[in-house]
2 protein chains.
Amino acid sequence: MWRAASKQVIRTVGSCLPDLSPLAKQLHASPGSKKIVGVFYKANEYAAKNPNFLGCAERSLGIREWLESQGHQYIVTDDKEGPNSELEKHIPDLHVLITTPFHPAYVTAERIKKAKNLQLLLTAGIGSDHIDLKAAADTGLTVAEVTGSNVVSVAEDELMRILILVRNFVPGYQQVINGEWNVAAIAYRAYDLEGKTVGTVGAGRIGKLLLQRLKPFNCNLLYHDRLKIDPALEKEIGAKFEEDLDVMLPKCDIIVINTPLTEKTRGLFDKERISKLKKGVLIVNNARGAIMDTQAVVDACSSGHIAGYSGDVWNPQPAPKDHPWRYMPNHAMTPHISGTTIDGQLRYAAGVKDMLDKYFKGEDFPQQNYIVKEGKLASQYL
Amino acid sequence: MWRAASKQVIRTVGSCLPDLSPLAKQLHASPGSKKIVGVFYKANEYAAKNPNFLGCAERSLGIREWLESQGHQYIVTDDKEGPNSELEKHIPDLHVLITTPFHPAYVTAERIKKAKNLQLLLTAGIGSDHIDLKAAADTGLTVAEVTGSNVVSVAEDELMRILILVRNFVPGYQQVINGEWNVAAIAYRAYDLEGKTVGTVGAGRIGKLLLQRLKPFNCNLLYHDRLKIDPALEKEIGAKFEEDLDVMLPKCDIIVINTPLTEKTRGLFDKERISKLKKGVLIVNNARGAIMDTQAVVDACSSGHIAGYSGDVWNPQPAPKDHPWRYMPNHAMTPHISGTTIDGQLRYAAGVKDMLDKYFKGEDFPQQNYIVKEGKLASQYL
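Cut-offs applied
Residues numbered from 1 in each chain as written. Chains lettered and ligands numbered in written order. Predicted model: local features only at pLDDT ≥ 70, side-chain atom pairs only at ≥ 80, totals over all residues. Heavy atoms only, no water. Helix = DSSP H or I, 4+ residues; strand = E, 2+ residues; numbered from the N terminus. Rg over C-alpha atoms; globule rule 2.2 N^0.38 Å. Buried < 20%, exposed > 50% of the residue type's maximum accessible area, 1.4 Å probe, protein only. Contact = heavy atoms within 4.5 Å. Areas by Shrake-Rupley, 256 points an atom, 1.4 Å probe, with all protein chains shown as cover. Phe/Tyr/Trp six-rings, centres within 6.5 Å; stacked < 30°, edge-to-face > 60°. UniProt positions renumbered as here; feature names shortened; annotations may be inferred. Axes fitted to C-alpha atoms, helices over the stretch in contact; angles between N-to-C directions. Parallel < 35°, antiparallel > 145°, perpendicular 65-115°, else oblique. Left-handed = near helix turned anticlockwise from the far one by under 90°. Nonpolar A, V, L, I, M, F, W, Y, C, P; charged D, E, K, R; others polar. Least-squares fit on C-alpha atoms with pLDDT ≥ 70 in both. Salt bridge = Lys/Arg side-chain N within 4 Å of Asp/Glu carboxyl O. Polar contact = N/O pair within 3.5 Å; in protein donor to acceptor, adjacent residues only side chain to side chain.

1. Considerations on the overall build of chain A
Next, step 1: Helix and strand content of chain A: 14 helices and 13 strands.
Next, step 2: A compact globule built from 382 residues should have a C-alpha radius of gyration of about 21 Å, and chain A, at 21 Å, falls within 12% of that.
Next, step 3: Dimensions of chain A, computed from the C-alpha atoms along their principal axes, are close to 65 × 50 × 40 Å.
Next, step 4: Classification of the 382 residues of chain A by burial places 61% in the buried group.
Next, step 5: At a minimum sequence separation of 6, the contacts of chain A that also span at least 24 residues come to 67%.
Next, step 6: Counting only carbon and sulfur atoms, one obtains 52% of the accessible surface of chain A, whose full area is about 14400 Å².

The following block contains the structure:
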């Protein structure tokens, strides 16, 4: 699936050629006051605990004063689902929608159709799969992310999760808080990372940062991507390119997912593909929950075929109380958090402000930020 | 304390000069069958779950057949405390005692006095502070560790714990299993490791491996030790030597303890020293629990002066059910586990076998393995 599904690719690319897309247009804010809506997670009592906690609804990226001083309207909410939500009320007349992958406003084709004034969709963070990108492209909208804003945050978090699984940390912690002491119950399945084979599915910005951080651990590093890493960097990291995903995966003791969610990667790890992985494989997925078949992961964790699964992404988000990943054995899951560190928030807040400023002035964004521009999807979403 | 307590040092060194120590003698097994006692943690139902689980009492380092085929007696137990323990029964006539830091047989001066046949104390792992080293030296015993056997295991585990604290992982995991979803309650105190100041107290084998693994994280790396790291390695790692511990500590966002427990380091982090650390400091201690003042750590975690504390070492071990570190806020503790990964076990089991073989043959051990030799303590214990 990762390498197939070429039909979908061609169709998407075809529809995006500028000369075939009458809706493609240069982004420039029309004159006058704009209505900007931000959808962020609420912090409640935590908002006051850290002056740099810019990513929450209460602090609204710290751009309210700046926007309002220029005469724009800035509505912020965390109420994003269903026909009676606060977000839904503003869909018909908003010009810009800002949201995050941590508490995503799902921008469906239906919402896009309703949003007659909408020009710009900004993701404060990385990963814009909460938007129907094809519908956005066909409607001539611009979608942009703060590329790079939290890639370090996510890569660091992935290395943490690798070690948590390799070391069997969670049962150790649970023993402590339960008043127990049973070293054997942890040690019988705790390993060193050194010498193990680690493969990343996708070696874009985050995957490369992870590989660089893995380098001193003396692992056998593999990567699969559409593109080979620059030869100098590849040599420095010592990672081996694997052209065929299904050749790479069964070699891996540890698999890390670093690919966006696209039509090609949705459900990539289904029952069949998981069955071909090494028995006892560890999987880290901070990319997107829907890249996995939810039930196939539960079954493989229960049988022990997957010996540990850790990540911060779920399908959907927030994960409902009865999401089966909460209760499967040998997981080390958290809510979607890896990209929203305080350091990451400072960077993506600054990146959003910069793009809004350029939008008002009719200037281009940094090229790598565009996900949909003039009717075309960025290459990683093809 | 780390740099003072010179009185103790001089006295110890003085008593260890070969010409002043009439008990100093070359180690060589006397002819005939030896009684070897091993004290290891029991694995019970976990023993059968992994054929490489050599470190448990049931597998006894995998050396029983080899020892018995040479006519030696090999007693293994996990029952190590008190006058009626299995270990105590064998003290009067054992020749060799093997134990681990994970389930340590405490070898007091009293036990040494009783052990008339004892010649050799082997630590399967690293860290021999469970032995009264001065009494061992004065009695002419040899104490040796499997130096290097699990330094990688511990260094990897330390990096995991740094990230767990920096990322505020534990509350995130707890939300998941409790059916909750509150990104803000995690994010308001989750950071990137990049750019932070990390200081290691001690830069021996483990400390150096940690610094090497921290290198790609782009931190500000500091270290304090008796000795400077080799200039080439120091340059490669980019870590800065801090001669004065109390100058280094207040600069650190994250402090990692990598020093053995000695009379100089016992209680090193007391109330006063902790009060001078940066507010919100994170501390990782996989070295020894007694380097910290137990209650001072609890108080500082409760007040928030220490924002997170993680480690796998306790005073004493096993930690009793009511040990206050189990219940203090913002900890990420486990039982003593970091050095007893399956990979570590394979290495320290091989190292113990090698030293026993050399002992039987009257050959020297690898020089770096000696903790007490011919009445002298290894330099890291001075």
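2. A look at the packing of aromatic side chains
Next, step 1: Under the counting rule described, the total for this entry stands at 23 aromatic pairs over all chains.
Next, step 2: Consider the rings of Phe102 of chain A and Tyr348 of chain A, whose centres lie 6.0 Å apart with planes at 25°: the pair is stacked. Here the residue Phe102 of chain A occupies a position in the loop between strand S3 (96-99) and helix H4 (109-114), and Tyr348 of chain A occupies one in helix H14 (residues 342-361), the gap between them amounting to 246 residues. Of the two residues, Phe102 of chain A and Tyr348 of chain A, neither departs from the other in class, the shared state being buried.
Next, step 3: When the centroid spacing of 6.1 Å and the interplanar angle of 45° are considered together, the rings of Trp314 of chain B and Trp325 of chain B count as tilted.

3. Brief notes about the UniProt feature "domain: D-isomer specific 2-hydroxyacid dehydrogenase NAD-binding" (unreviewed entry) in chain A
Next, step 1: Per the UniProt annotation, the sites labelled "domain: D-isomer specific 2-hydroxyacid dehydrogenase NAD-binding" (unreviewed entry) are residues 160-338 of chain A.
Next, step 2: Along residues 160-338 of chain A one finds 32% helix and 15% strand; the C-alpha atoms at either end are 10 Å apart.

4. Considering the packing of helix H6 (residues 151-167) of chain B against helix H9 (residues 205-214) of chain B
Residues and elements named next belong to chain B.
Next, step 1: Where H6 contacts H9, the axes come no closer than 8 Å and their chain directions differ by 50°. Here H6 lies oblique to H9, going by the angle between them. Relative to H9, the crossing made by H6 is right-handed. Of the residues in H9, those touching H6 at Val151, Val152, Val154, Ala155, Glu156, Glu158, Leu159 and Ile162 are Arg205, Ile206, Leu209, Leu210, Arg213 and Leu214.
Next, step 2: Residues belonging to the contact of H6 with H9 are distributed by class as follows: ten nonpolar, no polar and four charged.

5. A look at the relation of the copies chain A and chain B
Next, step 1: Of the two same-sequence chains, chain A is brought onto chain B (RMSD 0.0 Å, axial shift 0.0 Å) by a rotation of 180°. On the angle and the small slide along the axis, the relation comes out as a two-fold axis. Closest approach to the rotation axis among the C-alpha atoms of chain A is made by Met160 of chain A, whose C-alpha sits 2.7 Å away.
Next, step 2: The fraction of interface residues of chain A whose copies in chain B are also interface residues reaches 100%, indicating that both copies meet through the same surface.

6. Brief notes about the interface of chain A and chain B
Next, step 1: Each partner contributes residues to the interface: chain A has 69 residues there, and chain B has 69 residues.
Next, step 2: Here chain A is connected to chain B by ten salt bridges.
Next, step 3: A salt bridge links Arg213 of chain A to Glu194 of chain B, with the nearest nitrogen and oxygen atoms 3.5 Å apart.
Next, step 4: Run the count over chain A and chain B and you get 38 residue pairs in polar contact (both at pLDDT 80 or more).
Next, step 5: Mapped onto the side of chain A that touches chain B, the elements with two or more residues apiece are helix H6 (151-167), helix H7 (169-177), helix H8 (183-187), helix H9 (205-214) and H14 of chain A.
Next, step 6: Looking at the side of chain A that touches chain B, its residues break down into 36 nonpolar, 18 polar and 15 charged.

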